[in-house]
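Residues per chain are reported as follows:
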Amino acid sequence: MGRAERKAEAREEIVRREQHRERRRQISRILHKPATERSPGERQLLQNYGELVQELERQRQRRERLRGREQEVVDGTEILQKKVSELADSVREAEHMVIYTGAGISTAAAIPDYRGPSGVWTLLNKGQSVSTGDLSEAEPTFTHMCIARLHRAGLVQHVVSQNCDGLHLRSGLPRDATSEVHGNMYIEVCTSCSPHREYVRLFDVTERTALHKHNTGRFCHKCGGELRDSIVHFGERGKLAQPLNWVGAVKAAKKANVILCLGSSLKILKKYHCLWGMNRPSSRRPRLYIVNLQWTPKDAVATLKIHGKCDEVMRLLMDELKLDVPEYNRSLDPIFSMAVPLHPGEEASHTRKLIKAAETPNASPDQLPPLSPQGLSGGWFGKGCTKGRRKK
């Protein structure tokens, strides 16, 4: 085939594509009209292009379904109370309960979620800018304190968090009962030491880090190796033993007979098959309870879906369980006792604001939040979940 013929074919292909696009636009305009307002010629056109009409109708239904999933639903007062009572019965009867948390539990701390009406991804998809507050001012929410209280009461054995805000640590939840599977913004790690050495800081250590770029610009006080953050970005595989603690998460999931999901869309966690016990016989699978205002991909298999804000649901739950919930007290925040001071000369290695300490009251030892038996260094190694890639 000569050059002139190839050019002619290319021009014909361009014309065909443009004609097809114009036909799609024409059919779409007709479909937007009420059926009673369509002319005989338009009705005939729809009949002539039946396959295209079906394709456009499927696309319309898919768009409506996606919009519906983004809508927030709120249960009425009576329905909410009834659902929480059912959840409370399951919590009391649970032999091994784990909680999976998402960004929705931190919105009360002025930290944006991802897929809510004002969430990060929602605004970005609309072309709007996202304002980020000063996370050093954030404090554990009522829900964080409830979770720590449930653990102290022996009703919750493990918490798997997708959040990087460090608020579970600051609520007093023990490190060995927590898996921060996407990292902690206050922790940097030396991977040259064995076992890995953790440095808990009072500032956000991620100032200089990004996707596939994790060195923080500081160095290990023991071996001099470069420190890295613990954050798992989208598309990365989390390999650190701590604070990710995948081993703890998988062990807890294998034992769980009740799973409570709080404030998570579950669009990421659903990919971690090791967390759901779906490989067990159906009669032995954990009962799943979901607290979220929007649709999640696990709704269809949930024992109960509660449409409510996390703080409100947890307030009702703690009342049902007759458990008091202590208010967050900054002077008892364990991050201050765990933090490792910078070495001389490292003060200029960051510009992030420090978490402000409060005056320490005269607290008895039993008032102080529990510290991890592992101290500051990660002590768990081994195989965890085989699905460790975070995607959106």
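Cut-offs and rules
- Residues numbered from 1 in each chain as written.
- Predicted model: local features only at pLDDT ≥ 70, side-chain atom pairs only at ≥ 80, totals over all residues.
- Heavy atoms only, no water.
- UniProt positions renumbered as here; feature names shortened; annotations may be inferred.
- Helix = DSSP H or I, 4+ residues; strand = E, 2+ residues; numbered from the N terminus.
- Contact = heavy atoms within 4.5 Å.
- Areas by Shrake-Rupley, 256 points an atom, 1.4 Å probe, with all protein chains shown as cover.
- Polar contact = N/O pair within 3.5 Å; in protein donor to acceptor, adjacent residues only side chain to side chain.
- Phe/Tyr/Trp six-rings, centres within 6.5 Å; stacked < 30°, edge-to-face > 60°.
- Buried < 20%, exposed > 50% of the residue type's maximum accessible area, 1.4 Å probe, protein only.
- Lys NZ or Arg CZ within 6 Å of the ring centre and 35° of its normal.

- As annotated in an unreviewed UniProt entry, the protein chain is NAD-dependent protein deacetylase sirtuin-7 from Engystomops pustulosus.
- On record in UniProt, under Sequence similarities (unreviewed entry), the comment for the protein chain is "Belongs to the sirtuin family. Class IV subfamily."
- Among the UniProt annotations of the protein chain, the heading Cofactor (unreviewed entry) holds the following wording: "Zn(2+)".

1. Looking at the overall build of the protein chain
Moving on, step 1. When you go through the protein chain residue by residue, the secondary structure sums to 10 helices and 10 strands.
Moving on, step 2. Summarising the internal contacts of the protein chain: among those between residues at least 6 apart in sequence, 68% fall at separations of at least 24.
Moving on, step 3. By element, 49% of the accessible surface of the protein chain is carried by carbon and sulfur atoms, the whole surface being about 21000 Å².

2. As for the side chain of R330
Moving on, step 1. Turning to its location among the elements, R330 is positioned in the loop between α9 (310-321) and α10 (335-338).
Moving on, step 2. Among the polar contacts listed, one links the side chain of R330 to the backbone oxygen of K356, at a separation of 2.9 Å.
Moving on, step 3. In this structure, R330 is in contact with S136, E137, A138, E139, R170, F336, I355, K356, A357 and A358, ignoring residues within four places of it in sequence.

3. As for the packing of aromatic side chains
Moving on, step 1. Applying the stated criterion to the full structure yields two aromatic pairs.
Moving on, step 2. With 5.3 Å between their ring centres and 90° between their planes, Y100 and W276 make a pair best called edge-to-face. In this pair, Y100 sits in strand β1 (residues 97-101) while W276 sits in the loop between β8 (258-262) and β9 (287-291), placing the two residues 176 residues apart along the sequence.
Moving on, step 3. With relative accessibility at 0%, the residue Y100 sits in the buried group.
Moving on, step 4. Lying across the ring of F142, R315 places its NZ or CZ 4.1 Å from the centre.

4. Section: the UniProt feature "active site" (unreviewed entry) in the protein chain
Moving on, step 1. Under the feature "active site" (unreviewed entry), the UniProt entry names H182.
Moving on, step 2. Along the polypeptide, H182 turns up in the loop between β3 (178-180) and β4 (187-190).
Moving on, step 3. Classification of H182 by relative accessible area gives buried; the value is 0%.

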